[in-house]
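Architecture at a glance
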Amino acid sequence: MRNGVVLFTSDRGITPAALARAAEERGFDTIYVPEHTHIPVRRDALHPTGGEQLPDDRYLRTLDPWVSLATCAAVTERIGLATAVALPVESDPITLAKTLATLDHLSGGRVTIGAGFGWNTDELADHHVPAEKRRTVLKEYLEAMRALWTEEEAAYDGEFVSFGPSWAYPKPPQGRIPVIIGAGGGPKTMKWIAAHADGWMTTPTETDIAAKADLLRKEWADAGRTGEPDIRILVAKRPTPEDFADWSAAGASEFIWGVPDADEATVLAYLDKTAARLGLGS
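Read on for an overview of the structure. (Residues numbered from 1 in each chain as written. Predicted model: local features only at pLDDT ≥ 70, side-chain atom pairs only at ≥ 80, totals over all residues. Heavy atoms only, no water.)

Following Ala84, the chain continues into Val85 via a peptide bond in cis, with omega recorded as -10°. With respect to the element layout, Val85 can be found in the loop between strand 3 (80-83) and helix 4 (93-107). Residue Pro170 is reached from Tyr169 by a cis peptide bond, and omega for that bond is 5°. The residue Pro170 is located in the loop between strand 6 (162-166) and strand 7 (179-182) in this model. Phi angles above zero are rare outside glycine, and His128 is one such case at about 60°. Structurally, His128 can be placed in the loop between helix 5 (121-126) and helix 6 (134-150). Taking relative accessible area as the criterion, His128 reaches 71% and is therefore assigned exposed. In this structure, Asp208 is a non-glycine residue whose phi angle is positive, near 50°. As for its position among the elements, Asp208 is in the loop between strand 8 (199-201) and helix 8 (209-222). With relative accessibility at 54%, the residue Asp208 sits in the exposed group. (Helix = DSSP H or I, 4+ residues; strand = E, 2+ residues; numbered from the N terminus. Buried < 20%, exposed > 50% of the residue type's maximum accessible area, 1.4 Å probe, protein only.)

In structure tokens, the structure reads:
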């Protein structure tokens, strides 16, 4: 079982690079960071918890995920570089494909994209992404980027992405960069993942994960996919034995443990306690 850490980055507290280096030293497998380009002051979108207000101001202060992960790559050798979650539809897909391929190339193939559809539809609107088409936009972005990553002369013609035959290097060392969708595990999402992604990342409030994982595997088989979907558990509370039983039954590949957005000494002490509880580095 792998163990990752997720930092809700901000312009305060520990830097992503400092956390990545410390997490790698303690035996963690992956570091995750989030993405919000901006938060419109006038908001109609509800937070995923159902509230009209944001839980705290870190949403306003998140660091760019790919710059953050590049700093992590520069000070580590092994730890995976991922997002929980990024919003690919808020970037130009050709430019994003180059950024991701470059990061994967320079890090030796350590990148995984944890992608969301985007709950903050006000934020999406400023990027000219229609809320009702956000899944279609993400599908096209991923297809277009994969073409640029894998084809000698790539081209794509969709509703939201279109470009003629083009050269684009570097190519990711992994062949293509894995995509894990972070979203509530409903039937529509599981069918989408089976068709377009490599796995599922749970939301912080997810329940009945084993049953939802079974649904994903059914959709996976129905879509003619081989192998197994990659299922990652975002841990948002101290787990109970029942939680671990549910996650084990789900066939999870990685647990993702949150760390506080605090000063370096506080975070490292927290990381030490978490690593000891998990038996890492022993």
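There's plenty left to go through after this.
Under the counting rule described, the total for this entry stands at 22 salt bridges. Residues Asp56 and Arg58 are paired through a salt bridge, measuring 3.1 Å at the closest nitrogen-oxygen approach. Given a relative accessible area of 21%, Arg58 falls into the partly exposed group. We note a salt bridge from Glu219 to Lys191, for which the minimum N-O separation is 3.1 Å. Taken as a pair, Glu219 in helix 8 and Lys191 in helix 7 (residues 187-196) lie far apart in primary sequence, 28 residues in all. Judged by its relative accessible area of 12%, Glu219 falls in the buried class. Several salt bridges share partner residues, and in doing so they unite Arg2, Asp230, Arg232 and Glu254 into one network. (Salt bridge = Lys/Arg side-chain N within 4 Å of Asp/Glu carboxyl O.)

Further remarks concern helix 9 (residues 241-250). Considered for burial, the residues of helix 9 that qualify are Asp243, Trp247 and Ala250. The arc that holds every buried residue of helix 9, seen down its axis, measures 55°, which confines them to one face. For helix 9, the exposed residues lying more than 90 degrees away from the buried face are Pro241, Glu242, Ser248 and Ala249. Here the buried face of helix 9 lies against helix 8, strand 9 (230-235) and strand 10 (254-259). Downstream of helix 9 by a residue or two, Gly251 has a phi angle that is positive, lying close to 75°. (Arc of directions from axis to C-beta. Contact = heavy atoms within 4.5 Å.)

Taken across its 10 residues, helix 1 (residues 16-25) has 8 buried, putting it largely inside the fold. Within helix 1, the full set of buried residues consists of Pro16, Ala17, Ala18, Leu19, Ala20, Ala22, Ala23 and Glu24. Looking at the packing, one finds that the buried side of helix 1 touches strand 1 (2-7), strand 2 (30-33), helix 3 (65-74), strand 10 and helix 10 (264-278). With its phi angle positive at about 95°, Gly27 sits one or two positions after the end of helix 1.

With respect to the secondary-structure elements, Arg146 resides in helix 6. The buried category is assigned to Arg146, whose relative accessible area is 13%. Sequence-distant contacts of Arg146, that is, excluding residues within four places in its chain, are made with Arg176, Val179, His196, Ala197 and Asp198.

Another point: the nonpolar core. Counting 74 residues, the largest nonpolar core has Leu19, Ile31 and Ile181 as its most contacted members. Per-element accounting of this core gives the leading share, 9 residues, to helix 6. In contact with Leu19, other than residues within four places in its own chain, are Val5, Leu7, Ile14, Ile31, Val259, Val267 and Leu271. With 8 residues, the next largest nonpolar core counts Tyr32, Ile180, Leu234 and Ile256 among its residues. (Core = buried A, V, L, I, M, F, W, Y, C linked by side-chain atoms within 4.5 Å.)

Running from N to C, helix 7 and helix 8 point in directions that differ by 45°, and their axes come no closer than 8 Å. Judged by the inter-axis angle, helix 7 sits oblique to helix 8. Considering how the two elements wind past one another, helix 7 and helix 8 form a crossing that is right-handed. Judged by residue contacts, Pro187, Met190, Lys191, Ile193 and Ala194 of helix 7 engage Lys212, Leu215, Leu216, Glu219 and Trp220 from helix 8. Here the contact of helix 7 with helix 8 is composed, by residue class, of 7 nonpolar, no polar and 3 charged. (Axes fitted to C-alpha atoms, helices over the stretch in contact; angles between N-to-C directions. Parallel < 35°, antiparallel > 145°, perpendicular 65-115°, else oblique. Left-handed = near helix turned anticlockwise from the far one by under 90°. Nonpolar A, V, L, I, M, F, W, Y, C, P; charged D, E, K, R; others polar.)

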